[in-house]
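Listed below, chain by chain, are the residues.
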There are 2 protein chains.
Amino acid sequence: MKTYNFSAGPAMLPEDVMKIAQAEFCNFKDSGSGLVELSHRGKQFTEVIDRAVANVKELMKVSDDYSVMFIQGGASMQFAMLAMNLLGDKVADYADTGVWSNKAYKEAANLGKARIVCSSKEDKYAYIPDFAKWEATPADAAYLHITSNNTVAGTQYRTFPKVDKNVPLIADMSSDIMSREVNVDDFGMIYAGAQKNLGPSGMAVVIMRNDLLERTPANLPTMLKYSTYSENNSLYNTPPTFAIYLLALVTDWIKAQGGIAAIEKINDAKAAKLYDFLDSSAYYSTPVQKDSRSRMNVVWRLPSEELDAQFVKEATAAGLTQLKGHRIVGGCRASIYNAMPMAGVDALIDFMKDFEKRNG
Amino acid sequence: MKTYNFSAGPAMLPEDVMKIAQAEFCNFKDSGSGLVELSHRGKQFTEVIDRAVANVKELMKVSDDYSVMFIQGGASMQFAMLAMNLLGDKVADYADTGVWSNKAYKEAANLGKARIVCSSKEDKYAYIPDFAKWEATPADAAYLHITSNNTVAGTQYRTFPKVDKNVPLIADMSSDIMSREVNVDDFGMIYAGAQKNLGPSGMAVVIMRNDLLERTPANLPTMLKYSTYSENNSLYNTPPTFAIYLLALVTDWIKAQGGIAAIEKINDAKAAKLYDFLDSSAYYSTPVQKDSRSRMNVVWRLPSEELDAQFVKEATAAGLTQLKGHRIVGGCRASIYNAMPMAGVDALIDFMKDFEKRNG
């Protein structure tokens with residue numbers, strides 16, 4: 001049976017990528033060994049990591065003013081690491097738009113001075129607060145932190161806030177990196193757990209403006225300093241080689257699709273089709289405000305929790321898997337990252353229509 | 001051509017493990033998705049991580065007084081993390097037996113009070129110093145840290161030092177974990193990067209006595225506290241799912257071989273054969289003292305650096321790969337971890353004989 005996997009992450013990877021990785025799993029490029037078995041200092045892996053970095057730079061148009069790094073620990077480690085490196089004695093501002101942005105804030109508040117400048121928490125994070133209503137970030141702030149897409153509530157920034165030129169804008173783009181064009185020069189730092197749009201779990205991609213590397217306190221542990229990664233091409237110690245390899249394959253695939261602009265068009269069309277269906281339905285409902293809807297994670301509810309559960313169960317049996325909402329909020333969620341083809345969205349909508357007919 | 005991969009890490013994995021991982025790469029247990037594409041909260045991955053933990057406990061006879069954790073960042077992250085969690089205001093003692101033990105010491109010294117109690121550095125780390133000559137570790141020390149096997153110099157502890165019962169013995173077993181039986185109860189903490197005997201790079205296994213979890217300062221970042229991992233079965237955030245999966249397969253394989261005692265016998269025989277050959281040769285020489293020889297990493301030199309390089313090049317062409325010594329010390333090195341079959345050692349010795357005949 002053909003299945004479509006709507007997991008929020010670890011998420012489906014492009015079918016072509018999975019096939020290549022499987023085909024060469026035991027014998028990478030005639031080396032006689034799998035990529036997972038090869039030294040990170042050898043010429044085979046060196047080509048892989050260099051290609052991964054070059055692909056990220058090319059696809060996102062990253063200038064030489066920035067470093068691209070691969071760091072273990074996921075975005076959760078970045079919540080602490082960015083504050084350890086960049087906060088100092090200053091105040092860091094955080095936009096509270098979801099569970100993950102709130103966790104990022106708490107890690108900074110634990111380490112120093114952090115402040116929430118806007119929040120949609122009381123409305124169950126159903127929207128991105130209007131920038132005009134945010135508390136202003138002063139020119140001497142350490143940084144302003146946002147979460148560009150919120151996987152749990154299903155919201156996404158359409159534009160990004162403007163800050164004083166002395167204040168780096170930092171974005172956790174874990175769940176929408178490379179899904180749409182962004183101007184990297186508008187950010188001091190972009191980071192993303194790889195397991196949604198870039199590869200498997202176990203790695204974050206960090207893109208940091210080089211002048212910020214100098215803020216790091218000298219006495220931080222080696223593995224918690226960004227400079228350790230930037231100065232060693234992420235090879236100070238053994239990196240997660242298989243994750244970097246899959247990222248290289250995924251970014252090869254994005255290039256073959258025509259780059260991020262082309263991918264963005266498809267993502268827009270996929271999301272529009274699903275939201276149009278939800279808007280046309282009296283049976284399914286989404287709590288997310290129209291202007292804040294995520295094109296990556298689409299959330300909805302059925303008329304009761306029992307029907308939510310029945311829907312997920314029957315959808316799974318029909319080959320539409322991992323549609324259960326995040327354990328914090330319940331309901332249903334379809335994560336339609338770059339790798340999800342339009343055919344998956346069509347199959348989902350067909351199933352939703354059929355389920356409503358049988359149970360509505 | 002049949003190849004044997006002697007990489008020091010990431011290192012070869014058992015052939016059976018590689019074949020299983022390849023076969024189910026795109027469709028794990030009929031889920032329609034690869035393991036890398038599945039949620040870490042789903043029932044498929046839950047079974048995998050539970051099995052991985054259970055296998056580690058069973059194989060190493062870990063009692064319920066200990067927690068088994070999977071943490072990103074490799075052993076290098078553990079160098080800092082263990083000091084952040086366990087050092088406090090006390091002094092930590094370090095045995096300096098190689099490049100990695102020295103790095104571990106430096107991370108602790110950066111964070112607090114650390115002391116070197118013995119060192120073979122001036123002799124290029126060619127032996128493990130006699131315990132009788134170590135400075136005594138006082139009963140109020142934070143811990144005593146050792147590196148059970150030293151991959152660069154090719155040395156290994158045969159027995160472990162005794163410490164006061166109030167002092168936890170902490171061992172970096174990155175390069176010999178599960179290669180031989182150890183009594184876990186003798187240690188406060190054992191940690192190991194996975195990429196030598198347990199799986200791919202991108203993860204460390206940490207086995208910690210539960211009372212030590214209480215030493216952690218309350219204000220440490222969440223991802224740097226051991227309790228975050230022990231209290232959440234390593235699932236506080238998205239873990240490196242593919243690495244945990246491969247570890248589950250590798251430990252399944254060790255069990256199928258008869259467990260660690262059976263593996264140890266084979267490892268002893270493999271190493272004995274290679275050292276016997278080196279001892280019988282006037283052409284190849286190993287700088288390592290007999291009583292400190294590693295059964296995991298066997299190092300040797302040829303009569304000149306030019307011949308070292310020629311040897312590595314010709315061996316690679318003959319299917320014996322990754323034999324170059326660590327970039328710090330040069331020469332040659334064969335890493336013969338659990339996954340290396342006796343046939344690989346035999347093929348290496350045959351090649352060494354032939355190379356000597358042609359060039360000696």
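The numbering scheme is per chain: residues are counted from 1 as the chain's sequence reads. The lettering of chains begins at A and the numbering of ligands begins at 1, in the order of writing. Since the coordinates come from a predicted model, pLDDT governs what is reported: local features require at least 70, and pairs of side-chain atoms require 80 or more to be given and counted, while whole-chain, interface and lining totals use all residues. Excluded from the side-chain calculation are hydrogens and water; included are all heavy atoms of the structure.

**Let's talk about the packing of helix 3 (residues 74-86) of chain A against helix 4 (residues 99-111) of chain A**
Residues and elements named next belong to chain A.
- Here an axis means a line fitted to C-alpha atoms, over the contact stretch when the element is a helix, while the angle between two N-to-C directions is reported on a 0 to 180 degree scale. Each helix is a run of DSSP H or I of at least 4 residues and each strand a run of E of at least 2, with the numbering of both proceeding from the N terminus. Between helix 3 and helix 4, the shortest axis-to-axis distance is 9 Å and the interhelical angle comes to 35°. Here helix 3 and helix 4 pass one another in a crossing that is right-handed. The residues of helix 4 that touch helix 3, namely those facing Ser76, Phe79, Ala80, Ala83 and Met84, are Trp100, Lys103, Ala104, Glu107, Ala108 and Leu111.
- For the contact of helix 3 with helix 4, a count of residues per class yields 8 nonpolar, 1 polar and 2 charged. Should the near helix be turned counterclockwise from the far one by less than a right angle, the crossing is left-handed, whereas a clockwise turn marks it as right-handed. Working rule for contacts: check all heavy atoms of both residues, and any pair within 4.5 Å makes them a contact. Think of it as three bins: nonpolar holds Ala, Val, Leu, Ile, Met, Phe, Trp, Tyr, Cys and Pro, charged holds Asp, Glu, Lys and Arg, and polar takes everything else, Gly as well.

**A short note on the sheet that holds strand 5 (residues 143-147) of chain A**
Residues and elements named next belong to chain A.
- Two strands pair if DSSP finds at least two bridges between them. An order of 2-10-9-8-5-3-4 is seen for the 7 strands of this open sheet, with the pairing classed as mixed. Each of the sheet's edge strands pairs with one partner strand only, and the pair in question is strand 2 (66-71) and strand 4 (113-119). The sheet shows a mean angle of 20° between the axes of neighbouring strands, direction not considered.
- For strand 9 (residues 189-193) and strand 10 (residues 204-209), the ladder comprises 5 bridges, and the chain directions are antiparallel.

**Describing the side chain of Gln72 of chain A**
- Residue position: Gln72 of chain A is located in the loop between strand 2 and helix 3.
- The term polar contact refers here to a pair of N or O atoms within 3.5 Å; inside protein, the definition further demands a hydrogen-donor-capable atom paired with an acceptor-capable atom, and it admits residues adjacent in sequence only when both atoms are side-chain atoms. Only 2.6 Å separates the side chain of Gln72 of chain A from the backbone nitrogen of Gly73 of chain B, close enough to count as a polar contact.
- Residues in contact with Gln72 of chain A, not counting those within four places in the same chain, are Met77, Gly202, Met203, Thr238, Pro239 and Pro240 of chain A together with Gln72, Gly73, Gly74, Gly202 and Met203 of chain B.

**So, the packing of aromatic side chains**
- Planes of paired rings set the category: under 30 degrees apart is stacked, over 60 is edge-to-face and the rest tilted, where pairs are Phe, Tyr or Trp rings (Trp by its six-membered ring) whose centres lie within 6.5 Å. Counted according to the given criterion, the structure contains 40 aromatic pairs over all chains.
- A ring pair is formed by Phe277 of chain A and Tyr284 of chain A, whose centres lie 5.8 Å apart and whose planes are at 50°; its orientation type is tilted. The same class applies to Phe277 of chain A and to Tyr284 of chain A, which are both buried.
- Taken together, a centroid distance of 5.1 Å and an interplanar angle of 80° make the contact between Phe160 of chain B and Phe187 of chain B edge-to-face. Placement of the pair is Phe160 of chain B in the loop between strand 7 (155-156) and strand 8 (169-172) and Phe187 of chain B in the loop between strand 8 and strand 9 (189-193), with a sequence separation of 27 residues. The pair Phe160 of chain B / Phe187 of chain B is uniform in exposure class, with both members buried.
- Connected via pairs of aromatic rings, a cluster forms that spans Phe25, Phe28, Phe242 and Tyr245 of chain A together with Phe25, Phe28, Phe242 and Tyr245 of chain B. Exposure classes here rest on a 1.4 Å probe applied to the protein chains alone. A residue is buried below 20% of its type maximum, exposed above 50%, and partly exposed in between.

**Here we look at the pairing of strand 2 of chain A**
Residues and elements named next belong to chain A.
- Most of strand 2 sits out of view: 6 of its 6 residues are buried.
- Judged by which residues are buried, strand 2 turns out to be covered on both faces: Tyr66, Val68 and Phe70 on one side and Ser67, Met69 and Ile71 on the other are all buried.
- Bridging between strand 2 and strand 10 involves 6 bridges; their strand directions are antiparallel. If you follow Ile71 over to strand 10, its bridge partner there is Ala204.

**A look at the packing of helix 8 (residues 305-317) of chain A against helix 9 (residues 342-359) of chain A**
All names here are of chain A.
- At a minimum axis separation of 11 Å, helix 8 and helix 9 run at an interaxial angle of 130°. Comparing their axes, helix 9 and helix 8 come out oblique. In this structure, the crossing between helix 8 and helix 9 has a hand that is right-handed. The segment helix 8 lies against helix 9, with Leu307, Gln310, Phe311, Glu314 and Ala315 engaging Leu348, Phe351, Met352, Phe355, Arg358 and Asn359.
- Across the contact of helix 8 with helix 9, the residue classes break down as 7 nonpolar, 2 polar and 2 charged. Should an angle fall under 35 degrees it is called roughly parallel, over 145 degrees roughly antiparallel, and 65 to 115 degrees roughly perpendicular, with every other angle called oblique.

**Description of the relation of the copies chain B and chain A**
- Superposing the copies works by least squares over the C-alpha atoms of residues that have pLDDT at least 70 in both of them. Once turned by 180° and shifted 0.0 Å along the axis, chain B lies on chain A with an RMSD of 0.0 Å. What we have between these two chains is a two-fold relation.

**Some thoughts on the interface of chain B and chain A**
- Each partner contributes residues to the interface: chain B has 59 residues there, and chain A has 59 residues.
- Regarding the contact of chain B and chain A, the summed buried area is about 4500 Å², with carbon and sulfur atoms giving 55% of it.
- Note on terms: buried area is the combined drop in 1.4 Å-probe accessible area of two parts once they are placed together, counting the loss on both. When the buried area of chain B at its contact with chain A is split by residue, Met18, Gln22 and Glu37 of chain B rank highest and sum to 13% of it.
- A pairing counts as a salt bridge when a side-chain nitrogen of Lys or Arg comes within 4 Å of a carboxyl oxygen of Asp or Glu. At the junction of chain B with chain A, the criterion picks out 0 salt bridges.
- Summed over the shared surface of chain B and chain A, the number is 25 residue pairs in polar contact (both at pLDDT 80 or more).
- Looking at the side of chain B that touches chain A, the elements that each hand over two or more residues are helix 1 (15-23), helix 3 (74-86), helix 4 (99-111) and helix 6 (241-256) of chain B.
- Per-class residue counts for the side of chain B that touches chain A are 26 nonpolar, 27 polar and 6 charged.

**Brief notes about the sheet that holds strand 2 (residues 66-71) of chain B**
Residue and element names in this part refer to chain B.
- Read across the open sheet, the 7 strands follow the order 2-10-9-8-5-3-4; overall the sheet is mixed. In the strand order of this sheet, the two ends are held by strand 2 and strand 4 (113-119), each with one partner. Direction aside, the axes of adjacent strands within the sheet are offset by 20° on average.
- Of the strands in this sheet, strand 2, strand 9 and strand 10 (204-209) are in contact with helix 2 (residues 43-60), which crosses strand 2 at around 130°.

**Here we look at the environment of Pro217 of chain B**
All names here are of chain B.
- Among the secondary structure elements, Pro217 is positioned in the loop between strand 10 and helix 5 (226-230).
- Judged by relative accessible area, which is 31%, Pro217 ranks as partly exposed.
- Along the chain, Pro217 and Gly88 lie 129 residues apart, while their C-alpha atoms are 7.8 Å from each other.
- Excluding residues within four positions of it along the chain, Pro217 makes contact with Met84, Asn85 and Lys225.

**Structural notes on the confidence of the model for chain A**
- Across the chain, each position has a pLDDT score giving the predictor's confidence in that residue, from 0 to 100. Averaged over every residue, the pLDDT of chain A is 97; residues scoring 70 or more account for 100%.
- Scored by ipTM, the complex comes to 0.97, with pTM at 0.98.

**Notes on the state of the cysteines**
- Only a pair of cysteine sulfur atoms within 2.5 Å counts as a disulfide in this structure description. Applying the stated criterion across every chain, the model contains 0 disulfides over all chains.
- Left without a disulfide partner, Cys26 of chain B is nearest to the cysteine sulfur of Cys26 of chain A, which lies 12 Å away.

**A look at the nonpolar core**
- For this analysis, a nonpolar core means a set of buried residues of the types Ala, Val, Leu, Ile, Met, Phe, Trp, Tyr and Cys, connected via side-chain atoms within 4.5 Å. Of all hydrophobic cores here, the largest spans 122 residues; its most connected members are Met60, Phe70 and Ile207 of chain A together with Met60, Phe70 and Ile207 of chain B.
- By size, the runner-up hydrophobic cluster in this structure holds 60 residues, among which are Ala75, Phe79 and Ala108 of chain A together with Met77 of chain B.

**Points about the side chain of Ser33 of chain B**
- Turning to its location among the elements, Ser33 of chain B is positioned in the loop between helix 1 and helix 2.
- Within the local environment of Ser33 of chain B, its side chain forms a polar contact with the side chain of Asn5 of chain A, the two groups lying 3.1 Å apart.
- Other than its neighbours up to four places away in sequence, Ser33 of chain B contacts Asn5 of chain A together with Cys26, Asn27, Phe28 and Leu38 of chain B.

**Some thoughts on the pattern of salt bridges**
- The final tally for this structure, using the stated rule, is 36 salt bridges over all chains.
- Across the pair Lys273 of chain A and Asp346 of chain A runs a salt bridge whose closest N-O atoms are separated by 2.8 Å. Note that Lys273 of chain A is positioned in helix 7 (residues 259-280) and Asp346 of chain A in helix 9, a separation of 73 residues in sequence.
- For Lys273 of chain A, a relative accessible area of 34% gives the class partly exposed.
- Judged by relative accessible area, Asp346 of chain A falls into the partly exposed class, the value being 27%.
- Ionic pairing is found between Glu58 of chain B and Lys255 of chain B, a salt bridge with its closest N-O pair at 3.3 Å.

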